[in-house]
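# Structure at a glance
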Amino acid sequence: MPPTNFGYVTPENLPLFTDRYELTMLQGYHSQGHDPEATFSLFFRDLPDQRGYAIAAGLEQALHYVDTLAFGERALAHLETEGFSEDFLERLREFSFSGEIRAVPEGTPVFPNEPLLEVTAPIFEAQLLETALINQVSFQTLVATKARRMRDVVDRFGEDQSLVDFGSRRAHGTDAGLKAARTAYLGGFTGTSNDAAGEAFDIPVFGTMAHSWVQSFQTEREAFEAFVAEYGEESTLLVDTYDTVAGARLAVEVAEEHGVPLDGVRLDSGDLVALSKEVADIVGDADIFVSSGMDEFKIRDFLTSGGVAAGFGPGTKLVTSADQSSLDAVYKLVAVEEDGEMAPTMKLSPGKVTYPGAKSVRRVTRDGSPVEDVLGVRDEELPGQELLQPVVEGGRIVADLPTLDESRDVALESVRRFPENVRAIEQSESYPVRVSEGLSTTTDELERELESRVDRE
């Protein structure tokens, strides 16, 4: 029977949030006695032309998943009905993560082929994490990036307008809506319209009124009078239900009649640029808040066309990352234990070649601005600041995780330091990521070795 709330995934069945082939492989590893130490890298291969960077996000939720992962009776009972062996289920009953995770801090700009995180553990443990880690990191990275691009447009063309997440109703599920609100804030948004996100993540919550409020009264005047009577000088009135300009004039009249200053009005339809200018002349010092299909492109066009607004309410295009709906993140085995030593490994599939071995990601700056990243072999001596930081050791979280506000500050400040051509919202230029000599040599040597093995077989 389906649960009676929105939470289909609960602590009792969270371990089952994995693809079947992970469990199939785990049972095989167990029954065959094959459990070497392994390193997996989580990264993405490409960015589209209109995105010059991505903002790493989702690490906090990923680490919570790893830290609390345990197979209880509900999960084990389901797997028993699916035909998994009793011996394997006993192994799962004792499961706990004992390995190491290094990760890029949330809010950090990242680029293709750079690991957002690396997991080193017995392969039985590391393999199981794949589905959930990709799920937590890739979606939140998409939304954080989308939000940061909108904030960047406001920084360039606006006057510090607010950005409020309006997307919960259009998100692909309640979990996605909550995480979109979180990572929109991380990416530079001012707050959210969703109270659950506000409570869960301590994000500022904002709201005005819907057209239904206005329509539920006999007249627009009655609707405005009732709202101002309830909320006084905090009232923001939606003025476009019938006639936007007439609605703006009426909003001013009602506020004056009640002896309170009009806090603001919201525009949600029509020619937003032209209407905002006309409404601005009517409402004076009151704020104009603009919604309806907002994203970085529409906000840029609004601002560069002379539109007047104190804030914007992006929704659908934010929470679905409409112009890039998938990051195509992958979780690939890059090293595996052989004769007691970690040996690099890689894929050779056309278009999906991976760099072997545990990595180092170094950011090189000049006068405080990034000039290149260097992707190298772990522990290789390289210039710049190491981005992959230890967060889990011996199965325990060892990092003092930053607050959401601290990660937000990282996202805001770090992007400002990158060249404008990398930050462009259309036809952005690629930021240089150089492969180190050590990684290049390792890759070439291993590729030749693997190809020779194939020839011998």
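Since the structure is predicted, the reported quantities are computational estimates derived from the model, not experimental observations. (Residues numbered from 1 in each chain as written. Predicted model: local features only at pLDDT ≥ 70, side-chain atom pairs only at ≥ 80, totals over all residues. Heavy atoms only, no water.)

## Quick word on the overall build of the chain
Quick note on the threshold: Per the convention used, a helix needs a DSSP run of H or I reaching at least four residues, while a strand needs a run of E reaching at least two, with both numbered from the N terminus. To sort residues, take the accessible area from a 1.4 Å probe on protein chains only and compare it with the maximum for the residue type: under 20% means buried, over 50% means exposed, and anything in between is partly exposed. Only heavy atoms matter for contacts: two residues are in contact if any of them lie within 4.5 Å across the pair. Areas reported as accessible are Shrake-Rupley estimates using a 1.4 Å probe. Residue values count occlusion only from the protein chains shown. Charge assignment in this entry is limited to Lys and Arg as positive and Asp and Glu as negative, and neither His nor the chain termini are counted. To locate a charge, take atom NZ for lysine, CZ for arginine, CG for aspartate or CD for glutamate.
Secondary structure assignment for the chain yields 17 helices and 19 strands. For the C-alpha atoms alone, the extent of the chain along its principal axes is close to 85 × 55 × 40 Å. With 457 residues in all, the chain has 51% of them scored as buried. Of the contacts made within the chain by residues no fewer than 6 positions apart, 72% connect residues no fewer than 24 positions apart. Just so you have it, the chain exposes about 21300 Å², and 46% of that area is on carbon and sulfur atoms. Across the chain, the 40 positively charged side chains and the 82 negatively charged ones have centroids separated by 4 Å.

## As for the layout of surface pockets
Test applied: Think of a 1 Å grid over the protein atoms and nothing else: a 1.4 Å probe that fits but is trapped marks a cavity, an open set flanked by protein within 12 Å on at least five of seven lines marks a pocket, and residues with an atom within 4 Å of a point count as lining. Grid points are joined across faces, edges and corners, and a volume is the space filled by probe spheres set on the points.
As a volume, the largest pocket reaches approximately 880 Å³. For the largest pocket, the lining is made up of 25 residues, of which Val9, Leu14, Gln136, Asp175 and Lys179 are closest to its centre. Residue assignment for the lining of the largest pocket shows that the elements contributing at least two residues are α2 (59-68), α6 (130-157), α7 (174-186) and α8 (195-201). Element by element, the count of residues in the lining of the largest pocket is highest for α2, at five residues.

## Brief notes about the pattern of salt bridges
To keep things clear, this is the line we draw: By convention in these notes, a salt bridge is any Lys or Arg side-chain nitrogen within 4 Å of a carboxyl oxygen on Asp or Glu.
For the structure shown, the criterion picks out 30 salt bridges. A salt bridge links Arg300 to Glu426, with the nearest nitrogen and oxygen atoms 2.9 Å apart. One end of the pair, Arg300, is in helix α13 (residues 296-304); the other, Glu426, is in the loop between α16 (420-423) and β19 (433-435), with 126 residues separating them in the sequence. Between Arg434 and Glu372 there is a salt bridge, with the nearest N and O atoms lying 3.2 Å from each other. In this pair, Arg434 is assigned in strand β19 and Glu372 in strand β15 (residues 369-377), connecting sequence segments 62 residues apart. The exposure class assigned to Glu372 is buried, which follows from its relative accessible area of 19%.

## Some points on the pairing of strand β13 (residues 341-344)
Applicable threshold: Two strands form a pair only when DSSP identifies at least two bridges running between them.
The sheet contact formed by strand β12 (residues 330-338) and β13 spans four bridges and is antiparallel. Pairing of Ala335 across the sheet is with Pro344, part of β13. The antiparallel hairpin formed by β12 and β13 contains two residues in its connecting segment, where Asp339 sits at a positive phi of about 55°.

## Overview of the packing of α2 against α6
Threshold: In this analysis an axis means a line fitted to C-alpha atoms, helices contributing only their contacting stretch, and an angle means the value between N-to-C directions, from 0 to 180 degrees. For classification, angles of less than 35 degrees are called roughly parallel, those exceeding 145 degrees roughly antiparallel, those between 65 and 115 degrees roughly perpendicular, and all remaining angles oblique. Take the far helix as your reference; a near helix turned counterclockwise from it by less than a right angle gives a left-handed crossing, and one turned clockwise gives a right-handed crossing.
One can describe the packing of α2 onto α6 by two numbers: an axis separation of 8 Å at closest approach and a directional angle of 165°. Compared by their axis directions, α2 and α6 come out roughly antiparallel. Between α2 and α6 the crossing geometry is right-handed. Residues Gln61, Ala62, Tyr65 and Val66 of α2 pack against Ala132, Leu133, Gln136, Val137 and Gln140 of α6.

## A few points about unusual backbone geometry
Unusually for a residue other than glycine, Ser321 sits at a positive phi of about 45°. In this fold, Ser321 is placed in the loop between α14 (316-319) and β12. Residue classification places Ser321 among the buried positions, given a relative accessible area of 2%. Positive phi values are uncommon outside glycine, yet Gln427 reaches one of about 50°. Relative to the assigned elements, Gln427 resides in the loop between α16 and β19.

## Let's talk about the sheet that holds β12
Sheets are built from strands paired through backbone hydrogen bonds, the pairs being either parallel or antiparallel. Spatially, seven strands are ordered β13-β12-β1-β5-β3-β17-β18 in an open sheet, and the strand pairing comes out antiparallel. One side of each edge strand has no neighbouring strand; the edge strands of this open sheet are β13 and β18 (396-397). With four bridges connecting them, strand β3 (residues 100-103) and strand β5 (residues 117-122) associate as antiparallel partners. By the bridge assignment, Arg102 is partnered in β5 with Glu118. Where α6 meets the sheet, it contacts β1 (37-43), β5 and β12, and its direction lies at approximately 140° from that of β12.

## Focus: the side chain of Ser428
Note on placement: Ser428 falls in the loop between α16 and β19. Residue class for Ser428 comes out buried when judged on its relative accessible area of 14%. When sequence neighbours within four positions are dropped, the list of residues in contact with Ser428 reads Asp49, Gln50, Arg51, Gly52, Asn421 and Val422.

## What to know about helix α3 (residues 73-81)
Under the convention used in this document: The directions considered for the arc run from the helix axis to the C-beta atoms.
Of the residues making up α3, those classed as buried are Ala75, Leu76 and Leu79. Viewed along the axis of α3, the buried residues span an arc of 95°, placing them on a single side of the element. Every exposed residue of α3 that faces more than 90 degrees away from the buried side is listed here: Glu73, Glu80 and Thr81. Positive phi shows up at Gly83, right after α3, with a value of about 95°.

## Observations regarding the sheet that holds β19
Pairing in this open sheet of four strands is mixed, and the strands run β16-β14-β15-β19 from one edge to the other. Looking at which strands have only one partner, the edges of the open sheet turn out to be β16 (385-386) and β19. Of the strand pairs in this sheet, β15 and β19 are connected by three bridges, and their pairing is parallel. Residue pairing across strands places Leu375 opposite Val435, the latter belonging to β19.

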